[in-house]
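# Summary of structural features
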Amino acid sequence: MKRKGRVLLYLIACTVCAALSGCGGGKEEEIPMGRYADREVKLPGAGYEYMHPCPDGGYWLFGNGVDLTHVAADGTVSREKWGWESNANIHVKFSYGISDEGAVIFGYTPMFYSDEEYEAYAAEGDSRYLYYYVSETGERHPLELYGADYRKATNLEQFAFAPDGRVYAASDSCVYRIHLESGETESLFATEGQVREFAFVGDTMLAVDGEKAYLYDMAGERLLADNTVLNDFVKSHRNGRIALTVVGQSAETAQEDSAEVLYLACRTGLYRYVWGGSVIEQIADGQMTALGDSQYNLYALQGLDDGLFRVYFSGNYMVEMYYDETLPMKPSRELAVYSLEENGRVRYAGRLFQKEHPDVLVRYETGMDGDNAVSREDALKNLNTRILAGDVPDVIILDGMDIEQYADKGVLKELDGMLAPYMEEGVLYQSIPEGMRMTEKNRIFGVPMTVELPIYLGEKKYVEDMQGLAGIVSAAERARAEHPEGPLIDTPYQENLFDLLIPLCLPAWTKEDGSLDGDSLAAFYQAAERLWELDSEGMSDEERARWQQDVVNEEADLSNIMFGQYEDYYNIGETWVALGYLKNAWYGVTNLHTRMENYRNDYSYYKKLEDEVVYGRMTGQAGNIYRARTIVGLCEQAKEPELGEAFLELLLSDTMMQKWWLEGHFDGGLPIRKDSFASLLDINNLAFAEIKGWTANDISAIYKDSFWPTEEELQWLYDTMEESDCCYRPGTLLEKNVREVGARVLEGGLTPEEGAKEVERKMAIAMEE
Amino acid sequence: MFLLPGFSGVMLFYLLPFFEVVRRSFVKSGNGAFVGADNYRMVFTNGAFQLAARNTLLYLAAGVPLLMGISLFLSLLLRNLFLRRKLVSAMLLPMAVPAAVMVLTLQILSDKQGLINGALTKISEKITALPAFVSIDYLNSEWAIVVVVCSFLWKNTGYMVILWLAGLGALPKEVEEAAQVDGANKWQNWHYIIRPGLSGSFFTIGMLSVLQIFKSYREVWMVAGSYPQEQIYFLQHLLQNWYLKLEFDRMAALTVILSIVLLVVCLLLQRRQHF
């Protein structure tokens, strides 16, 4: 017995030794090559919302306010001018379906020319959803849909033309067949949710909703048995849309009993399913292609010859996916990027980085990705667990985190050395990274990619030379004296008021020794309470509740300031003292002139208003603050420190700073690179015109008017950037407590002084910790 | 050999991680440098720890005896009652209440505009001889610990009653009947027969009550957040906040201290198996 035990132990020891020594692995492994990559497809214009792939390799593009456009397989573009819609009383189009030949069916809302007309229309009940049909030859007529199981004006969100010409449509609970001539709408089968995609394989229609794949025999007119393979796939990808395309018999599929092949694209990748088979195989990884880019929603997939695919996304973005044999099948290195919340700029930079470094996989993870409903606190705990276990990301986006804490604990790397060339050469607005110095070491551990500047805007008689919290309160008092009714500032919720004021004051509440300045905090609460009082004097609780209902989301950030916004509110009387944060350069300093739409729409009264309105830097208790966005830090224990640095360099590059804007993300903050910022405010930057779909001729027309910032105004903006040296960093415990207690102060439960004491008490424990 | 799978599991999932925690309690988080007993010293001199330890002890001192006493009293009352089973089932209901509902209930009751304040205001209005009642935000006042203890009792009493009833059920009836025949009164019956007979249950119920106290942190956190009123700031708050602040070294030291304290409590209860 003893001997047996010894033999067993000996065998186990040998196995362990063999495993650890890498027995049999003497030959260096070859890296398997080849994977799908993608390249952007230049579309023939802007404004498209829908793409219909044709079997011949061409495709149709359509949308609200744009021509029906056909792009042939060879790239030839042809447009069908419509423009008759207003005569047919079609106001807004939505939910499109296009046949291979170019027949179109769509939903629309009509135009109302008077309140009476609208009320009469609304009195008919839920009849907002009207439909229209235009044949490939241009004949057109409204569709008066009716049917035994069809309720009038059901919202049909999805249309599809079958290869035999019949039209199918889906509501959120049913799939119908529509007879275009008569409008008769037959209910075919019930669905669990809104069918988002149709595909046709022979006589079988495949309809996919968020939970299930439905197979319908169009010849036999019956629902077929479930396909468990497809069902399982749909269920496991229920969080995002799945796009489908069927590729007929080809040289590739000929070997497989002439079966047709269904391709399925979703966020996790591109998949291939041989019709009737038992396996769905992945052929492209979403993370390594545009499919995984969460800033775009997948709209349509087209299979082409030679294994090419076109994928159409929201935002009128299209890519062509191709198989590249020169790329390693799996990148040999990995760059781990982490942020608490999804950050489009970082996602975009990740894709650019991956293109530049094909041997690197950029793994971008978010702690609170929306699908998993993780709270901020839990996400931070998860991150800390990873740090504790040594699983540290290479790059960490510090928005919403207590940066100082991570810096203090040695998680973050000092960036002074890396930023030195940028600072010495004056590439960046120096005050901004300088404002990020922290900890006893007084070093920079994170650098923001963009900032937002606090601005006030209003009539001279109220806001001229407004300084500090007292200045804001005085301005509000003056405005209230003249306008006793209605709101004063754009703050339907208390949270909105704190969103405006806390960044201006937070850095001033901590003394040099780290203790809390209770007097400053009490003064802050006094100002906030008075502003809330003044705002509330102009409306009843019911009126405020109605206002809040319009905003819906209490957590929505309403602090974006725009001249247009002020003008709108000015007209409808919702604000007299506009306070906010300038988040984009294109809409201008205060958007005095920079909106091209102003010119296009001939909104010349914006210019008139400018004479009565002044603007300036909004200040509170702290100095010249800025709100930092996309604060990037590198981890001290990063596995790929060089890649992390290269990624930060890419984020700081002029290309990236501008590119993100050119992708249409105009509220992303003001770039901290001087050249990028100046370029974005340059009227000669034709790239802006291109993304808005204008020609160079249209741009030149803008010179005819003075709706662009003057040199003086631009200089004011540059100077304001230069002066911004005090960073407001959200996500601190102090802010959380100030907000929590602040709600009680505004409700009258605590006086400002009691509120300050309550925060002190809460912070005392935190400081003791 | 048959112990090996179980022992491996315990080693892998309990003992080895615990040894790792012990190791970490002697090193600095971040660079991993050995710091001796510095982390322990920092824990003991930390103001937040002193506050949390004091509050936790107070909570234990108030909660455990009250829970054990009330549940024992109720079980003695219910012991011979005809509707005992139904009543006990009803008393278990608070245990089935989800934490979120419990939190909501606590807020509805203890808020400044809550039911308790409403009722007391009405009473003071009706009885004019009483001074006018001023509403209190109980969870943000010195009453917070009372609210927490009451909610703890409400949630756990039913369960403890069942445990006591099980202990009582195991006592031989004949002994009590013989004592009654010999003329023993109720007090003597309790003192000489029931009380010694329940000694075995005392350890189990005592230990479970202590553990329930630690488990009730979830509701407190959900009601009052990471930084509640001073009196209901417990050791778990401290641990959780240190975790968020990446104070892993101090956290490890505190975990070791807590483990030792719990071990001592366990041993003491085991030694005093009669009451």
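Residues numbered from 1 in each chain as written. Chains lettered and ligands numbered in written order. Predicted model: local features only at pLDDT ≥ 70, side-chain atom pairs only at ≥ 80, totals over all residues.

### Thoughts on the overall build of chain A
Just so we agree on the cut-off: Think of it this way: any DSSP run of H or I at least four residues long counts as a helix, any run of E at least two long counts as a strand, and we number them from the N terminus. Any residue with 12 or fewer other C-beta atoms within 10 Å of its own C-beta is exposed, any with 20 or more is buried, and the rest are partly exposed; the C-beta atoms used are placed from the backbone. Here contacts are defined at the residue level, using C-beta atoms placed from the backbone and a cut-off of 7 Å between them.
Tallying secondary structure elements over chain A gives 25 helices and 35 strands in all. Residues counted as buried form 38% of the 769 residues belonging to chain A. Of all intrachain contacts in chain A linking residues separated by at least 6 positions in sequence, the fraction that spans at least 24 positions is 65%.

### Notes on the overall build of chain B
Counting its regular elements, chain B contains 14 helices and zero strands. Going residue by residue from the N terminus, the α and β elements of chain B occur as α-α-α-α-α-α-α-α-α-α-α-α-α-α. Principal axes of the C-alpha set define a box for chain B whose edges measure 70 × 65 × 30 Å. With 275 residues in all, chain B has 26% of them scored as buried.

### Focus: the sheet that holds strand 4 (residues 68–71) of chain A
Residues and elements named next belong to chain A. Applied cut-off: By this definition, two strands are paired if DSSP reports at least two bridges between them. Fitting a line to C-alpha atoms yields each axis, with helices limited to the stretch in contact; the angle taken between N-to-C directions then spans 0 to 180 degrees.
Taken in spatial order, the four strands make up an open sheet running 2-3-4-5, and their pairing is antiparallel. For this open sheet the edge positions go to strand 2 (50–53) and strand 5 (77–80), each flanked by a neighbour on one side alone. Taking each pair of neighbouring strands and ignoring which way they run, the sheet shows an average axis angle of 20°. Both strand 3 (residues 59–62) and strand 4 contribute to a ladder of three bridges, which runs antiparallel. Bridging from a neighbouring strand, Leu 61 pairs with Thr 69 of strand 4.

### Details of the interface of chain A and chain B
Heads up, the rule is: Throughout this entry, Asp, Glu, Lys and Arg are counted as charged residues, while Ala, Val, Leu, Ile, Met, Phe, Trp, Tyr, Cys and Pro are counted as nonpolar. The remaining residues, Gly among them, count as polar.
Every contact between the two is made by 18 residues of chain A and, on the other side, 19 residues of chain B. At the level of secondary structure, the elements contributing two or more residues to the side of chain A that touches chain B comprise helix 6 (376–388) and helix 25 (752–768) of chain A. With six residues, helix 6 of chain A is the single largest residue contributor to the side of chain A that touches chain B. Each residue belonging to the side of chain A that touches chain B can be placed in one class, and the counts come to six nonpolar, five polar and seven charged.

### As for the sheet that holds strand 11 (residues 167–170) of chain A
Pairing between the strands of a sheet is mediated by backbone hydrogen bonds and can be parallel or antiparallel. All names here are of chain A. The strand order across the open sheet built from four strands is 10-11-12-13, with neighbouring strands paired in antiparallel fashion. Edge strands, defined here as strands with exactly one partner in the open sheet, are strand 10 (158–161) and strand 13 (185–190). The sheet shows a mean angle of 25° between the axes of neighbouring strands, direction not considered. Inspection of the sheet shows strand 12 (residues 174–178) paired to strand 13 by five bridges, in the antiparallel sense. Counted as the bridge partner of Tyr 176 is Ser 187 from strand 13.

### Description of unusual backbone geometry
Residue and element names in this part refer to chain A. Even without being glycine, Asp 306 reaches a positive phi, approximately 60°. For Asp 306, a count of 9 C-beta atoms within 10 Å gives the class exposed. Within the chain, Thr 630 stands out as a residue other than glycine whose phi angle is a positive 50°. By secondary structure assignment, the location of Thr 630 is in strand 33 (residues 625–634). Owing to 24 C-beta atoms within 10 Å, Thr 630 belongs among the buried residues under this scheme.

### A word on helix 1 (residues 4–24) of chain B
All names here are of chain B. The following threshold applies: In a helix, the anticipated span is given by 1.5 Å times the number of residues less one. In this scheme, the bend at a residue equals the angle between the axes fitted to the seven residues that finish there and the seven that begin there.
In this model helix 1 runs 28 Å from its N-terminal to its C-terminal C-alpha over 21 residues, within 8% of the 30 Å that 1.5 Å per residue would give. Of all the bends in helix 1, the greatest, near 45°, is centred on Met 11. Little of helix 1 is tucked away: one of the 21 residues are buried.

### Comments concerning the pairing of strand 23 (residues 309–313) of chain A
Residues and elements named next belong to chain A. Of all five residues making up strand 23, four are buried, and the element is well covered by its neighbours. In this sheet, strand 23 lies alongside strand 22 (residues 298–303) in antiparallel orientation, the contact comprising five bridges. Its bridge partner being in strand 23, Gln 302 is matched across the sheet by Arg 310. Linkage of strand 22 to strand 23, two consecutive antiparallel strands, is achieved through a turn of five residues, within which Asp 306 is found at a positive phi near 60°. Where strand 23 and strand 24 (residues 317–328) come together, five bridges link them in antiparallel fashion. Across the sheet, Phe 313 pairs through a bridge with Tyr 317, a residue of strand 24. Counting the residues that bridge the hairpin from strand 23 to strand 24 gives three residues, and of these Gly 315 lies at a positive phi of roughly 75°.

### A short note on the nonpolar core
Across soluble globular proteins, nonpolar side chains show a tendency to be buried alongside one another. Applied cut-off: Under the definition applied here, buried Ala, Val, Leu, Ile, Met, Phe, Trp, Tyr and Cys residues are grouped into a nonpolar core through C-beta atoms within 7 Å.
Ranked by size, the top nonpolar core spans 152 residues in total, and within it Ile 455, Tyr 456, Ile 472, Ala 476, Leu 531 and Val 577 of chain A together with Ala 52 of chain B carry the most contacts. If you tally residues by element for this core, the top one is helix 3 (residues 47–78) of chain B, at ten residues. Ranked by size, the runner-up nonpolar core spans 76 residues in total, among them Ile 90, Val 104, Ile 178 and Val 261 of chain A.

### Looking at helix 8 (residues 144–169) of chain B
Given a rise of 1.5 Å per residue, 26 residues ought to cover 38 Å, and the 37 Å separating the end C-alpha atoms of helix 8 of chain B matches this to within 8%. The axis of helix 8 of chain B is deflected most strongly, by about 45°, at Asn 156 of chain B.

### Regarding the packing of helix 2 (residues 38–45) of chain B against helix 14 (residues 248–271) of chain B
All names here are of chain B. Heads up, the condition is: We call two directions roughly parallel when the angle between them is under 35 degrees, roughly antiparallel when it is over 145, roughly perpendicular when it lies between 65 and 115, and oblique otherwise.
Two elements in contact, helix 2 and helix 14, have axes whose closest approach is 9 Å; the angle formed by their N-to-C orientations is 80°. Taken together, the axes of helix 2 and helix 14 are roughly perpendicular relative to one another. Here Asn 39, Tyr 40, Met 42 and Val 43 of helix 2 come into contact with helix 14, specifically with Asp 249, Arg 250, Ala 252, Ala 253, Leu 254 and Ile 257. Looking at the contact of helix 2 with helix 14 residue by residue, the classes come out as seven nonpolar, one polar and two charged.

### Re the pairing of strand 9 (residues 140–143) of chain A
Residues and elements named next belong to chain A. Note: strand 8 (residues 130–134) against strand 9, four bridges, orientation antiparallel. If you follow Tyr 132 over to strand 9, its bridge partner there is Pro 142. Counting the residues between successive antiparallel strands, the hairpin from strand 8 to strand 9 contains five residues, one of them, Gly 138, with a positive phi of roughly 100°.

### Some remarks on the confidence of the model for chain A
Residue and element names in this part refer to chain A. Here is the rule we go by: Per-residue confidence from the prediction method is given by pLDDT, with values spanning 0 to 100.
Here chain A shows a mean pLDDT of 82. Residues at 70 or above account for 83%. Averaged pLDDT values over the elements of chain A bottom out at 40 in helix 16 (residues 596–601) and peak at 96 in strand 27 (residues 395–397). Taken as a whole, residues 689–707 scores under 50 in pLDDT and shows 24 contacts with residues more than four places along the chain or in a different chain.

### Overview of the confidence of the model for chain B
Averaged over all residues, the pLDDT of chain B equals 86, while 99% of them reach at least 70. For this predicted complex, the interface score ipTM comes out at 0.76, while the overall pTM is 0.73.

### Considerations on the environment of Tyr 317 of chain A
Residue and element names in this part refer to chain A. With respect to the helices, strands and loops of the structure, Tyr 317 is situated in strand 24. Owing to 20 C-beta atoms within 10 Å, Tyr 317 belongs among the buried residues under this scheme. In the structure, Tyr 317 is positioned 451 residues away from Glu 768 in sequence and 53 Å away in space, judged by C-alpha atoms.

### Here's the deal with the environment of Arg 267 of chain A
All names here are of chain A. Following the sequence through the fold, Arg 267 ends up in the loop between strand 19 (261–266) and strand 20 (269–274). The class for Arg 267 is partly exposed, based on 18 C-beta atoms found within 10 Å. Considering only alpha carbons, one finds Arg 267 and Ile 397, 130 residues apart in sequence, at a separation of 22 Å. The contact partners of Arg 267, leaving out residues within four places of it in the chain, are Gly 240, Gly 286, Leu 291, Gly 292 and Ser 294.

### Brief notes about the environment of Met 767 of chain A
The topology assignment puts Met 767 of chain A in helix 25. Once the C-alpha coordinates of Met 767 of chain A and Glu 477 of chain A are considered, the two residues, 290 residues apart in sequence, prove to be 38 Å apart.

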